[in-house]
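The primary structure of each chain is shown beneath.
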Amino acid sequence: MGELLSLLSVITIISSGVALLAGVFLIKRGERVWHMRAMLAASGLATLFLVFYLWRIGIGYSKYYVGPAEWRSAYFALLISHTILAAANLPLAVMAVLNAWRGLRAATGNLDAIDRPAARSYFNRHRAWVRWTVPVWVYVAVTGWAIYFVMEHWGAVRGA
C-alpha cells in the first residue's frame, strides 16, 4: 500500500504543477475563467497529494537513502530544501486562493468585474502572493518527482 501511495503522491503533485503552469499561461493570455479552472484543479490535486502523503506516513511507510555515498549530501540538500519550501507553500497557496476568492466575491462572482475598486485590491494582493507561490510550488513539484525517482532507485523501505 505504501508504494501505491508514494506513486499517487508523485502523480498528484506533478499534475498540480502542470495545472499551475497552465493556469499561469492562461492568465497571461487573459483567459480568466480557464485560469480559475486550472488553478482550482492545481489546488485540488495538491490537496489530494497531501492526503496521499499523510496517509502513507500514517501507515508507517517510509524509505531511507542507500544510494552512492558521494551523492548523499546532494540528496539531503535537495530533500531539506524541498521539505522547507513544501511547508512554506501551503500558507502561500492558501493566501493566494483566499485573496482571489475574496476578490471574486467583491466582484459579485463576475470575473469581468474584477477591476471594481473593492475587488481590485484583493486581486492585487492575490498577484503579490502568487509571485512567491508559483516558483515555490513548481520547485516543490519538480523536486518531489526527483526525490521519488532517487528513492525508487536508491531507497530502502524502513523496517523491511
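What counts, and where the lines are drawn
- Residues numbered from 1 in each chain as written.
- Predicted model: local features only at pLDDT ≥ 70, side-chain atom pairs only at ≥ 80, totals over all residues.
- Heavy atoms only, no water.
- Axes fitted to C-alpha atoms, helices over the stretch in contact; angles between N-to-C directions.
- Helix = DSSP H or I, 4+ residues; strand = E, 2+ residues; numbered from the N terminus.
- Parallel < 35°, antiparallel > 145°, perpendicular 65-115°, else oblique.
- Left-handed = near helix turned anticlockwise from the far one by under 90°.
- Core = buried A, V, L, I, M, F, W, Y, C linked by side-chain atoms within 4.5 Å.
- Buried < 20%, exposed > 50% of the residue type's maximum accessible area, 1.4 Å probe, protein only.
- Contact = heavy atoms within 4.5 Å.
- pLDDT = per-residue confidence, 0-100.
- Salt bridge = Lys/Arg side-chain N within 4 Å of Asp/Glu carboxyl O.
- Polar contact = N/O pair within 3.5 Å; in protein donor to acceptor, adjacent residues only side chain to side chain.

### Description of the packing of helix 3 (residues 72–106) against helix 4 (residues 117–154)
In helix packing, the relevant descriptors are the interaxial angle and the interaxial distance, both defined with respect to the helix axes.
For step 1, the next point in the chain: Running from N to C, helix 3 and helix 4 point in directions that differ by 150°, and their axes come no closer than 6 Å. With respect to helix 4, the axis of helix 3 lies roughly antiparallel. In this structure, the crossing between helix 3 and helix 4 has a hand that is left-handed.

### Describing the nonpolar core
For step 1, the next point in the chain: Within the largest apolar cluster, 8 residues are counted, these being Ala100, Leu104, Ala107, Leu111, Ala113, Ile114, Ala119 and Phe123.
For step 2, the next point in the chain: Elements with a minimum of two residues in this core: helix 3 and helix 4.
For step 3, the next point in the chain: Discounting chain neighbours no more than four positions away, the residues touching Leu104 are Met36, Gly109, Asn110, Leu111 and Phe123.
For step 4, the next point in the chain: Leu20, Met39, Ala42 and Val134 belong to the second largest nonpolar core, which has 7 residues in total.

### Quick word on the confidence of the model for the chain
For step 1, the next point in the chain: Averaged over all residues, the pLDDT of the chain is 93; the fraction at 70 or higher stands at 99%.
For step 2, the next point in the chain: When pLDDT is averaged over each helix and strand of the chain, the minimum, 85, is found for strand 2 (residues 155–157) and the maximum, 96, for helix 3.

### A look at the side chain of Thr133
For step 1, the next point in the chain: For Thr133, the location among the structural elements is in helix 4.
For step 2, the next point in the chain: Setting aside residues no more than four positions away along its own chain, Thr133 makes contact with Asn89, Leu92, Ala93 and Ala96.

### Comments concerning the pattern of salt bridges
For step 1, the next point in the chain: Going through the model one piece at a time under the given rule, you end up with 3 salt bridges.
For step 2, the next point in the chain: In this structure, Lys63 engages Glu3 in a salt bridge whose closest nitrogen and oxygen atoms are separated by 3.2 Å. Of the two residues, Lys63 sits in strand 1 (residues 63–65) while Glu3 sits in helix 1 (residues 2–28), which places them 60 residues apart along the sequence.
For step 3, the next point in the chain: Under the relative-accessibility criterion, Lys63 is labelled partly exposed at 21%.
For step 4, the next point in the chain: Arg120 is the salt-bridge partner of Asp115, the closest N and O atoms lying 2.8 Å from each other.
For step 5, the next point in the chain: Ionic contacts of the salt-bridge type, sharing partners, join the residues Glu3, Lys63 and Glu152 into one network.

### Thoughts on the side chain of Thr143
For step 1, the next point in the chain: Tracing the backbone shows Thr143 in helix 4.
For step 2, the next point in the chain: For Thr143, the side chain forms a polar contact with the main-chain oxygen of Tyr139, separated by 2.7 Å.

### Focus on the environment of Ala106
For step 1, the next point in the chain: Considering the arrangement of structural elements, one finds Ala106 in helix 3.
For step 2, the next point in the chain: Among all residues touching Ala106, those that are not within four sequence positions of it are Arg116, Ala118, Ala119 and Tyr122.

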